[in-house]
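Coordinate analysis (summary)
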Amino acid sequence: MIVEIGHFSLILATFLAIAQLVISFITLRSPNLIATSSAKSSEEFYTFNLIRQIPLVVCLLTTISLVLLIISFIQNDFSSLYVASHSSRELPLIFRITATWGAHEGSLLLWLWMLTAWGAVAAFINGNLPQRLVIRILVVLSFLIISFNLFIIYTSSPFLRLFPIPENGRDLNPLLQDIGLAIHPPTLYMGYVGTTIPFAAVVAFFIGKELNAKIFMDLIKWLRPWIIVTSLFLSIGIVLGSWWAYYELGWGGWWFWDPVENVSLLPWLVSIALLHMLYVNKRNILHNWVIILSLAGFSLSLIGTFIVRSGILTSVHAFATDPARGTAILLFLLLTIGTSMVIYVIKVPSLIKSLNTDNSLSFPTRESLLFLMNVLFTAAMFVVLFGTLYPLILETLGLGQISVGRPYFHQSFIPIAAPTALLLGLSLNAKWGSQNWRSFLENAKIRNSFWITVIMTVIGIVIFYPHGFEKVLFISIAIALGGWVISTSLISIYSEKKSARAIGKTLAHIGFGMFIIAATLSTQLAIEKDVLIQKGDEFDIVDDYRIVLGDVMQIEASNYISVIAEIELYKSDELIDVLHPEKRSYILFAMPTSESAIYSTIGSDILIAIGALQDDSISLRIIYKPFLLFLWISGILVSVGLLLAIVDRKKKSTKYNGTPESVNDNKASL
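Note that the coordinates shown come from a computational prediction; the quantities given were computed from them, not determined experimentally.

1. Points about the confidence of the model for the protein
For the protein, mean pLDDT is 85; residues scoring 70 or higher make up 90% of the total. Note on residues 314-319: pLDDT is under 50 here. Beyond four places in sequence and across chains, it has 18 contacts.

In C-alpha cells, the structure reads:
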C-alpha cells in the first residue's frame with residue numbers, strides 16, 4: 001500500500017494546486033476582494049490566508065510521497081518498478097536511501113518536493129508586498145508545480161508496480177554508490193529550484209493590470225535574499241560535485257566541461273551576475289538587466305533539466321532514456337520561456353517609462369564597472385551555452401557529430417574571466433555616483449592594490465621560473481589577476497563598516513581570487529604518470545616522493561568484489577603514509593569502478609588509482625596535483641561569504657497576529 005499512498009498523495013497535491021489556481025483567479029477578478037494591500041474585512045483576510053495555506057498542504061503531500069518512496073527503498077520493496085531498477089538487497093542502507101534520487105523518476109520527485117517547499121516559504125515570507133502581487137506569485141508557482149506533477153504522474157512516476165515481483169533488484173549505478181550522492185544532487189537541486197522565485201515574481205508583476213514603480217522596487221528588494229540563497233546552494237552544489245568527481249571517478253580532475261557540468265554552471269553565472277546587478281539597481285538604474293536575468297536563471301535551469309533528463313546524453317548524470325519524456329520537457333520549456341519573453345517584450349517598455357530613470361552610466365564609477373563585469377558574466381554564460389548546445393543541435397538535426405571540449409572552453413571562457421577579475425577589483429574601490437578619471441587613478445587604495453599585486457606576481461615568477469616559460473607565463477597572469485582581486489578586497493574592507501555583509505563580500509571575493517590562482521597552479525604544475533608495477537617495485541613520483549607496492553588483496557563486500565593495493569608512500573626515505581586504492585567489480589551491475597586513494601597536504605595532492613589488473617602486476621595511474629587544497633578552500637570561502645550575506649539581512653517581513661486588523665496596510669494596490 002505504500003506505493004499506492006505515495007502515488008495518491010501526488011495526485012491529491014496536483015488537485016489542491018489546481019484548486020489554488022481557481023480560488024486565486026476568482027479572488028483576483030472580484031472587485032470586492034483584496035482591492036488593496038490590506039484586508040478590509042474578515043472575508044478578505046481569510047480568503048487571502050487560505051490561498052497562502054494551500055501551498056503548505058501541497059508541500060506536505062509531496063513530502064509524504066517522497067518519504068514513502070524512501071521507505072520503499074529501505075524495505076527493499078521490489079514490487080515497485082523504480083526500486084527494483086535501482087536498488088538491491090545487498091546495497092548498504094545509506095545508498096538505498098540516496099538511490100531515491102539516483103535516477104530519473106526519483107530525481108524529479110526530489111525536484112518537485114523542493115519546488116513545493118520554496119513555494120510554501122514564499123507564501124508566508126512576502127514582506128510588505130501587496131496581496132494581489134503575492135497571490136499572482138503563488139499562481140505562477142502553482143502552474144509550475146502542476147506542470148511538474150503532471151509530468152511525473154504521466155511520464156515519470158516512481159510509483160509503478162512490477163509483476164511478477166523479482167527476488168532482487170538490479171542494483172544502483174556503482175558510480176552513484178558514494179556518500180557524495182547524499183549531498184551533491186540535493187544541494188544543487190535547491191539552487192536550481194531557487195531560480196523559480198525570481199522568475200515567478202517578475203512574471204507575476206508583469207501580468208498585473210498596473211505597473212507601479214514603487215511596488216516594483218519593493219519587489220526587487222524582496223528578491224535579494226532569495227537570490228543570495230539560490231547563489232549559495234548553486235555554489236555549494238558545484239563545489240561538492242567537483243570534489244566528488246575528483247576523488248570518485250579517478251580521473252584526477254575536478255572539472256571536465258561535461259555538458260551536465262556546464263548546465264550547472266549556467267544558472268550560477270546568471271545568479272552571480274544578478275546578485276551584483278541588484279546592488280547597481282539600488283541606484284534606480286538598469287532595471288532591464290534585473291528583469292531579464294531573473295527570467296534567464298530559471299530558463300537555464302529548465303534547459304539543464306531538458307539536457308539531463310531528455311535521453312539525448314549518455315552520462316553518469318543523464319537519467320532518462322525515453323525520448324517522449326524529453327519531448328514533454330522541451331514543450332514545457334518552450335511554453336514557459338516563450339510566454340515569459342512575450343510578457344517581457346510587451347510590458348517592460350511601460351515599466352521603464354513609469355520608473356522614469358536615467359540609465360546612462362558615467363565611467364569609471366562603481367556601477368559602471370559592475371555593469372561591465374556583468375556583461376562579461378553574461379558573455380561567459382553564452383560561451384558555455386553555445387559550446388554545450390551546438391553539438392547536441394547538430395546531432396539532433398542529423399548534421400553529424402562534433403566534440404566541443406576543453407580547448408574550446410579554455411580558449412573562449414578564460415579570456416572573458418580575466419577582464420572580469422580586473423573589473424571586480426577596480427569596482428571594489430571605485431565610488432558610486434560620479435567620479436572623474438583623474439581621481440579614480442589617484443585613488444590610494446587602487447594604487448596600493450596595484451603594487452601589492454606587482455610584488456605578488458614578481459615573487460610568483462621567481463618561485464616558478466624553473467618550470468619553464470610557458471607555464472610561468474600562465475601562472476604569473478593567474479597570480480596577477482587573483483592577487484589583484486584578493487588585495488583590492490582586503491584593502492576595501494578597511495573603509496567599510498565591519499558588518500556581516502561586508503565581511504561576507506570580502507570572503508567571497510577572496511575566494512574568487514584564490515580560485516584563479518589555485519586552479520591555474522594545479523593545472524599547469526600537475527604531473528600524471530601511468531606505470532605497470534609488481535609487488536616490491538619502487539617508483540619515483542616528484543619532489544622526493546616515491547611509492548612501493550606491497551600486498552594486493554581481494555575482499556568481498558555486500559554487493560561487490562574489491563581488489564585493494566597496499567601502497568607505501570615515502571618522502572626522503574621516510575614512510576609517511578600507506579594508501580589503499582581499490583578496483584571494484586559490482587556483482588549485479590557488472591560494472592568495474594576505481595576508488596582512488598589520495599594523500600593530501602597543504603601544498604599538494606597525490607592521487608593513485610588502479611587501472612588494469614594482470615597476473616603478477618597492476619597498472620597504476622599516479623597524479624600529482626599541487627595547491628589543490630586551496631581550490632576547495634576557495635569554494636568554501638565563496639559559500640561562507642554568501643552565507644554571511646544572508647545572516648546580515650534585516651528581518652522586515654510583514655507580521656500579523658491572526659486577525660484581519662493586524663495585516664499591514666501601508667502599500668498601494670497593484
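2. Thoughts on the packing of helix α14 (residues 406-428) against helix α17 (residues 469-493)
Direction vectors running N to C along α14 and α17 enclose 15°, while the axes themselves pass 9 Å from each other. Here α17 runs roughly parallel to α14, going by the angle between their axes. α14 and α17 meet at a crossing whose hand is left-handed. Here Ala418, Ala421, Leu422, Leu424, Gly425, Leu426 and Leu428 of α14 lie close against α17, whose contacting residues are Leu481, Trp484, Val485, Thr488, Ser489 and Ser492.

3. Considerations on the pattern of salt bridges
Side-chain pairing between opposite charges can occur once the charged atoms of the two side chains come close. Scanning all chains against the criterion turns up 10 salt bridges. A salt bridge links Arg621 to Glu528; its shortest N-O distance comes to 2.7 Å. Placement of the pair is Arg621 in strand β10 (residues 617-626) and Glu528 in strand β1 (residues 527-534), with a sequence separation of 93 residues. On the basis of relative accessible area, Arg621 is assigned to the partly exposed category, the value being 27%. Look at Glu528 and you get partly exposed, because its relative accessible area is 45%. As a salt-bridge pair, Arg584 and Glu582 come within 3.1 Å of each other at their nearest N and O atoms. Arg584 gets classed as buried once you look at its relative accessible area, which sits at 13%. Taken together, the salt bridges that share partners define one network made up of Glu4, Asp77 and Arg161.

4. What to know about the pairing of strand β7 (residues 591-595)
Looking at chain direction, strand β6 (residues 582-586) and β7 are connected through five bridges and run antiparallel. Counted as the bridge partner of Lys583 is Ser594 from β7. Where β6 folds back onto β7 in an antiparallel hairpin, the turn is made up of four residues, including Ala590, whose phi is positive at roughly 55°.

5. What to know about the sheet that holds strand β9 (residues 604-613)
One open sheet accounts for four strands, arranged β1-β10-β9-β8; its pairing is antiparallel. Only two strands of the sheet have a single partner each, and these edge strands are β1 and β8 (597-600). Strand-to-strand twist across the sheet, computed as the mean angle between neighbouring axes with direction ignored, equals 20°. As paired strands, β1 and β10 are joined by eight bridges and run antiparallel to one another. Bridge assignment links Gln534 to a residue of β10, and that residue is Ser617.

6. Considerations on helix α16 (residues 444-464)
The end-to-end C-alpha distance of α16 is 30 Å, a good match for the 30 Å that 21 residues give at a rise of 1.5 Å each. All buried positions along α16 are accounted for by Ile446, Ser449, Thr453, Thr457, Gly460 and Phe464. The arc that holds every buried residue of α16, seen down its axis, measures 70°, which confines them to one face. Facing away from the buried side of α16, by more than 90 degrees, are the exposed residues Trp451 and Val462. In the core, the buried residues of α16 are packed alongside α14, α15 (437-441), α17 and α18 (500-524). In this structure Asn443 caps α16, since a side-chain oxygen of it lies 2.9 Å from the backbone nitrogen of Lys445.

7. Quick notes on the environment of Ala519
Relative to the elements of secondary structure, Ala519 occurs in helix α18. Classification of Ala519 by relative accessible area gives buried; the value is 11%. Sequence separation between Ala519 and Ile461 is 58 residues; the distance between their C-alpha atoms is 17 Å.

Basis of the calculations
- Residues numbered from 1 in each chain as written.
- Predicted model: local features only at pLDDT ≥ 70, side-chain atom pairs only at ≥ 80, totals over all residues.
- Heavy atoms only, no water.
- pLDDT = per-residue confidence, 0-100.
- Contact = heavy atoms within 4.5 Å.
- Axes fitted to C-alpha atoms, helices over the stretch in contact; angles between N-to-C directions.
- Helix = DSSP H or I, 4+ residues; strand = E, 2+ residues; numbered from the N terminus.
- Parallel < 35°, antiparallel > 145°, perpendicular 65-115°, else oblique.
- Left-handed = near helix turned anticlockwise from the far one by under 90°.
- Salt bridge = Lys/Arg side-chain N within 4 Å of Asp/Glu carboxyl O.
- Buried < 20%, exposed > 50% of the residue type's maximum accessible area, 1.4 Å probe, protein only.
- Pairing = 2+ DSSP bridges.
- Expected span 1.5 Å × (residues − 1).
- Arc of directions from axis to C-beta.
- Polar contact = N/O pair within 3.5 Å; in protein donor to acceptor, adjacent residues only side chain to side chain.

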